[in-house]
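# Fold and contact review
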Amino acid sequence: MIPFRILPAIVLMCSMPAPALAFFHSADAGIEAGRDLYAAHCAACHGVALQGQPDWRSRDENGIYPAPPHDETGHTWHHDDATLIDYITRGGQAVMDDMNVAFTSGMPGFGAALQDLEIGAILDYIKSTWPDRVRTIQTQRSQLAPTE
């Protein structure tokens, strides 16, 4: 038996056209797709649980920092969306060079392997694992970031 309190929602959803109904599942589907893409393209370096590599704050013998975590303990959430998308698309070294930052990045560019929507899905997945406080801060940084 269907509880009376959810009956109005069922009636509403049954009366909606299919494109509008897709709204109710699109976020979860996008996060699920992002999780799969993350597993395929990111987890080998950044960890299945987004934990990063050990000693990620210390350069290795080649002067390169290990892959940082993407959970709330890392610094991914310190950057706005445009910066993160650029970093994933072109790779860390290209971004650091354009910013005139003396930093050797081991992050490859994925622009040839991933479409913009796929990169967005990966970021949505990563963000979905952050606590609300961290997500709020990162969203505010993205809103305040200058646009080109």
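Predicted model only: the values in this text are computed from it and were never measured.

### Remarks on the pattern of salt bridges
What the rule picks out here adds up to 5 salt bridges. Between D86 and R90 there is a salt bridge, and its shortest N-O distance comes to 2.6 Å. Placement of the pair is D86 and R90 together in helix α4 (residues 81-90), with a separation of 4 residues, close to one helical turn. Residues participating in the shared-partner salt-bridge network are D86, R90 and D98.

### Considerations on unusual backbone geometry
The backbone phi angle of L50 is positive, close to 65°, even though this residue is not glycine. Structurally, L50 is set in the loop between α3 (43-46) and α4. Here N100, not a glycine, exhibits a phi torsion of approximately 60°, which is positive. Here N100 lies in the loop between α5 (92-98) and α6 (116-128).

### Regarding the packing of α4 against α6
Axis separation between α4 and α6 bottoms out at 10 Å; the angle between their running directions is 120°. Classified by the angle between their axes, α4 and α6 sit oblique to one another. The way α4 lies across α6 gives a crossing that is right-handed. Note on element contacts: α6 touches α4 through I119, L123 and K127, opposite D81, L84, I85, I88 and T89. Taken together, the residues of the contact of α4 with α6 break down into 5 nonpolar, 1 polar and 2 charged.

### Focus on the packing of aromatic side chains
What the rule picks out here adds up to 2 aromatic pairs. With a centroid separation of 5.6 Å and an interplanar angle of 55°, the aromatic rings of Y38 and Y125 are classed as tilted. Here Y38, found in helix α2 (residues 18-41), pairs with Y125, found in helix α6; they are 87 residues apart in sequence, far enough to count as distant. Comparing Y38 with Y125, the two get one shared label, buried. Taking the centre distance of 5.2 Å and the plane angle of 5° together, the rings of Y65 and F103 count as stacked. Remark: F103 occurs in the loop between α5 and α6 and Y65 occurs in the loop between α3 and α4; sequence separation between them is 38 residues. Judged by relative accessible area, which is 27%, F103 ranks as partly exposed.

### Focus: the state of the cysteines
Following the criterion strictly, the structure yields 0 disulfides and no others. Not part of a disulfide, C42 finds its nearest cysteine sulfur in C45, a span of 8.8 Å.

Cut-offs and rules
- Note on numbering: residues in each chain are counted from 1, in written sequence order.
- Given that this is a predicted model, residues contribute local features only at a pLDDT of at least 70 and side-chain atom pairs are listed and counted only at 80 or more, while totals for whole chains, interfaces and linings are drawn from all residues.
- To obtain the side-chain values, all non-hydrogen atoms of the structure were included, while hydrogens and water were left out.
- Salt bridges are identified by distance alone: a Lys or Arg side-chain nitrogen within 4 Å of an Asp or Glu carboxyl oxygen.
- A run of H or I in DSSP counts as a helix once it spans at least four residues, and a run of E counts as a strand once it spans at least two, with each numbered from the N terminus.
- With axes taken as lines fitted to C-alpha atoms, and helix axes fitted only over the stretch in contact, angles between N-to-C directions fall between 0 and 180 degrees.
- The scheme is simple: roughly parallel for angles under 35 degrees, roughly antiparallel for over 145, roughly perpendicular for 65 to 115, oblique for anything else.
- Crossings are assigned a handedness: left-handed for a near helix turned anticlockwise from the far helix by less than a right angle, right-handed for a clockwise turn.
- Note on definitions: a residue-residue contact is assigned when non-hydrogen atoms from the two residues lie within 4.5 Å.
- Amino acids outside the nonpolar list (Ala, Val, Leu, Ile, Met, Phe, Trp, Tyr, Cys, Pro) and the charged list (Asp, Glu, Lys, Arg) are all regarded as polar, and Gly is one of them.
- Working definition: rings of Phe, Tyr and Trp (its six-membered ring) pair if their centres are within 6.5 Å, and the pair is stacked with planes under 30 degrees apart, edge-to-face with planes over 60 apart, and tilted otherwise.
- Between buried and exposed lies partly exposed: a residue is buried under 20% and exposed over 50% of the maximum accessible area for its type, with that area taken using a 1.4 Å probe on protein chains only.
- The disulfide definition used here is simple: a pair of cysteine sulfur atoms within 2.5 Å.

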